[in-house]
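Coordinate analysis (summary)
Letter by letter, the chains look like this.
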Amino acid sequence: MYFAEEGFRHFFSTTKITKIEDFAELNVRGTNDAAMQGLISGVKANSVPVNFVDLYSAFQTGTVDVAEQPIANYLANHFPEVAPYMILDGHTLGIMEPVITLEAWNSLSENQQNILIEAGKYAQEFCRNLTNQEEAKVRQQLEAEGATITEVNNITPWQAACSATIKSASAVDSELYKEILSLAN
C-alpha cells in the first residue's frame with residue numbers, strides 16, 4: 001500500500017572510506033540482524049556489538065571504527081565529533097509501515113478503504129519530500145562544520161559484496177524481491 005521514510009542509512013567512520021576495500025578489518029557496529037551481519041561480513045569488516053547508548057564512547061576508545069545511521073541521526077547524536085567521515089552508501093532505507101488487521105480493514109467500506117489508501121499515498125510523498133529536504137539541510141550543516149562526506153557513485157561493488165546475503169534473504173520470496181527492485185529503479 002504505502003510507507004513513510006526515515007531516510008537512508010549510511011556508514012560513518014573515524015577514517016575516510018571511499019570504497020568497499022576500505023572496510024577491511026575495521027570494527028563496525030551494526031545491528032544483529034542477518035542482513036546487517038551479511039553486509040559487514042561482505043565488506044570484510046569485523047562486527048562489534050555495542051549498545052547505541054554506548055556508541056559515542058566506543059568511538060572515543062577505539063572499540064569501533066565505523067557505525068551507521070541516517071544522516072540526521074549522525075548529526076543529532078554529535079557523531080561527527082568522534083567519527084568525522086561519512087560515506088553516503090544508502091545501504092538501508094528506514095521505513096515505517098502502517099499495519100491494520102484484515103478484520104479491521106474488512107470492516108471498512110470500500111470508500112473508507114480508498115480514502116485511507118489515498119491519504120497514505122499523500123503522506124508517503126509528503127514524507128519523502130520532507131526527508132529529502134531535511135537531509136539536504138543536514139548535509140550542508142555537516143559540511144560547514146567540517147565533516148567529510150563521500151558519495152557512492154557506483155553501487156555495483158556494494159551489491160557484489162552483499163550478493164550472498166541478498167541471494168539468501170531473497171530466496172524466501174524471490175518474486176517480492178524482484179518487485180522491490182523494479183520499484184527502486
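Bear in mind the structure is a predicted one, so any value in this text is a computation, not a measurement.

Rules used in this analysis
- Residues numbered from 1 in each chain as written.
- Predicted model: local features only at pLDDT ≥ 70, side-chain atom pairs only at ≥ 80, totals over all residues.
- Heavy atoms only, no water.
- Helix = DSSP H or I, 4+ residues; strand = E, 2+ residues; numbered from the N terminus.
- Contact = heavy atoms within 4.5 Å.
- 1 Å grid on protein atoms, 1.4 Å probe; cavity = no way out; pocket = protein on both sides within 12 Å on 5 of 7 lines; lining within 4 Å.
- Points joined across faces, edges and corners; volume = space filled by probe spheres on them.
- Nonpolar A, V, L, I, M, F, W, Y, C, P; charged D, E, K, R; others polar.
- Pairing = 2+ DSSP bridges.
- Polar contact = N/O pair within 3.5 Å; in protein donor to acceptor, adjacent residues only side chain to side chain.
- Buried < 20%, exposed > 50% of the residue type's maximum accessible area, 1.4 Å probe, protein only.
- Expected span 1.5 Å × (residues − 1).

Quick notes on the environment of E25
- Relative to the helices and strands, E25 resides in the loop between β1 (4-13) and β2 (27-28).
- When neighbours within four sequence positions are excluded, E25 is seen to be in contact with K44, A45 and N46.

A short note on the layout of surface pockets
- Quantified by volume, the largest pocket comes out at close to 2,000 Å³.
- If you trace the largest pocket, you find 42 residues lining it, with H91, T92, L93, Y177 and I180 closest to the centre.
- Broken down by element, the lining of the largest pocket gets its largest block of residues, seven residues, from helix α8 (residues 174-184).
- Broken down by class, the residue content of the lining of the largest pocket amounts to 23 nonpolar, 10 polar and nine charged.

Describing the pairing of strand β5 (residues 85-96)
- Pairing between β1 and β5: eight bridges, direction antiparallel. If you follow F8 over to β5, its bridge partner there is L93.

Quick word on the side chain of Q124
- Along the polypeptide, Q124 turns up in helix α5 (residues 110-144).
- Of the polar contacts made by the side chain of Q124, one reaches the backbone nitrogen of F3; its length is 3.0 Å.

Observations concerning the environment of V64
- As for its position among the elements, V64 is in the loop between α2 (55-61) and β4 (66-70).
- Taking the relative accessible area as the measure of exposure, V64 reaches 1% and is therefore buried.
- In this structure the C-alpha to C-alpha distance between V64 and L26, which are 38 residues apart in sequence, comes to 7.7 Å.
- Leave out the neighbours within four places in its chain, and V64 touches T14, N27, R29, V48, V50, L55, A58 and F59.

Digging into α5
- With 35 residues, α5 should reach 51 Å at 1.5 Å per residue; the first-to-last C-alpha distance of 51 Å fits that figure.
- Against the buried residues of α5 lie β1, α3 (71-76), α4 (102-107) and β6 (148-151).
- Just past α5, the residue G146 takes up positive phi, approximately 100 degrees.

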